[in-house]
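What follows is the residue order along each chain.
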Amino acid sequence: LPFVIASVTTASSQSYKVGVNVINAGIGFGYSIGYVANSTATPVLSASFEHGFRDVGPGTLGLGGIISHQSATYKDENILGTYRQHWDATYIGFRATWHPDILVTGTYDVYGALQLGYVNYGYSFSGTGLYENAAANYKSSLSSGAGLGLIVGGRYYFSDKIGAFAELGYDLSYLKLGASFAF
């Protein structure tokens, strides 16, 4: 038993510092995109990258990027015909993270991030029957644009290179959970 405990303790020795690269791959929850009720939506899929750029004060500054995507579909069939609405949302952004030394250990990495990004919303409509020429009447109320966001996140490393992450903040979702890969 002491050997197992020592192995687990020494296996988790990754810390965020200058030169470290991390990729997060996750799923977002709590999105606020206003799709039609009863639509089916994919979860928000998200990937981010950051590079330990330089020491700033009592911590390390990381620079990188993020991309997130979600889509949703609504379909209705009735006596007048059928119609289908489809939405896509893609967020692409630059992010700067700061990892305070006091909150970065061999196992834990707590950080804050500032993101500047652009969300692009796509919309399509198709119909049959009386809905066939109705595309002009069905428009998305979502508009694309740039935005600034604050994120608070943390990682727990299971080994030198593999961990789990959680982030609170908003790009296309309010909470992201997933895996982290350091190299």
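Because the structure is a prediction, the values reported are computed rather than measured.

Draft legend 1. Here's a closer look at the overall build of the chain. What the chain contains, in helices and strands, is one helix and nine strands. Secondary structure elements of the chain occur, N-terminal to C-terminal, as α-β-β-β-β-β-β-β-β-β. Burial analysis of the chain (183 residues in total) assigns 37% to the buried set. When contacts within the chain are restricted to residue pairs at least 6 apart in sequence, long-range pairs at least 24 apart make up 65% of them.

Draft legend 2. Broad picture of the side chain of serine 173. Within the secondary structure, serine 173 is located in the loop between strand S8 (162-169) and strand S9 (175-182). With relative accessibility at 0%, the residue serine 173 sits in the buried group. Discounting chain neighbours no more than four positions away, the residues touching serine 173 are Gly28, Phe29, Gly30, Tyr31 and Val44.

Draft legend 3. Examining the nonpolar core more closely. Residues Ala72, Tyr74, Tyr83, Trp87, Phe125, Tyr131 and Ala134 constitute the largest nonpolar core, which totals seven residues. Of all elements in the fold, only strand S4 (59-78) and strand S5 (81-100) reach the threshold of two or more residues within this core. Leave out the neighbours within four places in its chain, and tyrosine 83 touches Tyr74, Lys75, Asp76, Phe125, Ser126, Gly127, Tyr131 and Tyr138.

Draft legend 4. Expanded view of the environment of glutamine 85. Note that glutamine 85 resides in strand S5. Between the C-alpha atom of glutamine 85 and that of lysine 139, which follows or precedes it by 54 residues, the distance is 9.1 Å. Side chain to side chain, glutamine 85 and tyrosine 123 meet in a polar contact 2.7 Å long.

Draft legend 5. Fine view of the packing of aromatic side chains. This structure, assessed with the given rule, holds eight aromatic pairs. Both rings, one in tyrosine 74 and one in tyrosine 83, keep their centres 6.1 Å apart while their planes meet at 50°; by these two values the pair is tilted. Overall, tyrosine 74 belongs to the buried group, its relative accessible area being 15%. With relative accessibility at 10%, the residue tyrosine 83 sits in the buried group. Ring geometry for tyrosine 170 versus tyrosine 174: centroids 4.6 Å apart, planes at 40°, classification tilted. The exposure class assigned to tyrosine 170 is partly exposed, which follows from its relative accessible area of 28%. Since its relative accessible area comes to 43%, tyrosine 174 is described here as partly exposed. Grouped by ring-pair contacts, the aromatic residues Tyr74, Tyr83, Phe125 and Tyr131 constitute a single cluster.

Draft legend 6. A look at the pairing of strand S1 (residues 21-29). Direction of pairing for S1 relative to strand S3 (residues 44-55): antiparallel, over a ladder of eight bridges. If you follow asparagine 21 over to S3, its bridge partner there is histidine 51. Direction of pairing for S1 relative to S9: antiparallel, over a ladder of eight bridges. Counted as the bridge partner of phenylalanine 29 is leucine 175 from S9.

Draft legend 7. Quick peek at a nonpolar patch on the surface. A contiguous nonpolar surface patch, about 770 Å² in accessible area, is contributed by Ile23, Phe49, Tyr108, Tyr156, Phe158, Ile162, Phe181 and Phe183. Structurally, phenylalanine 49 can be placed in strand S3.

Quick notes on the rules
- Residues numbered from 1 in each chain as written.
- Predicted model: local features only at pLDDT ≥ 70, side-chain atom pairs only at ≥ 80, totals over all residues.
- Heavy atoms only, no water.
- Helix = DSSP H or I, 4+ residues; strand = E, 2+ residues; numbered from the N terminus.
- Buried < 20%, exposed > 50% of the residue type's maximum accessible area, 1.4 Å probe, protein only.
- Contact = heavy atoms within 4.5 Å.
- Core = buried A, V, L, I, M, F, W, Y, C linked by side-chain atoms within 4.5 Å.
- Polar contact = N/O pair within 3.5 Å; in protein donor to acceptor, adjacent residues only side chain to side chain.
- Phe/Tyr/Trp six-rings, centres within 6.5 Å; stacked < 30°, edge-to-face > 60°.
- Pairing = 2+ DSSP bridges.
- Patch = residues over 30% accessible without salt bridge, like charges linked within 9 Å, V, L, I, M, F, W, Y side chains within 5 Å.
- Areas by Shrake-Rupley, 256 points an atom, 1.4 Å probe, with all protein chains shown as cover.
- Salt bridge = Lys/Arg side-chain N within 4 Å of Asp/Glu carboxyl O.

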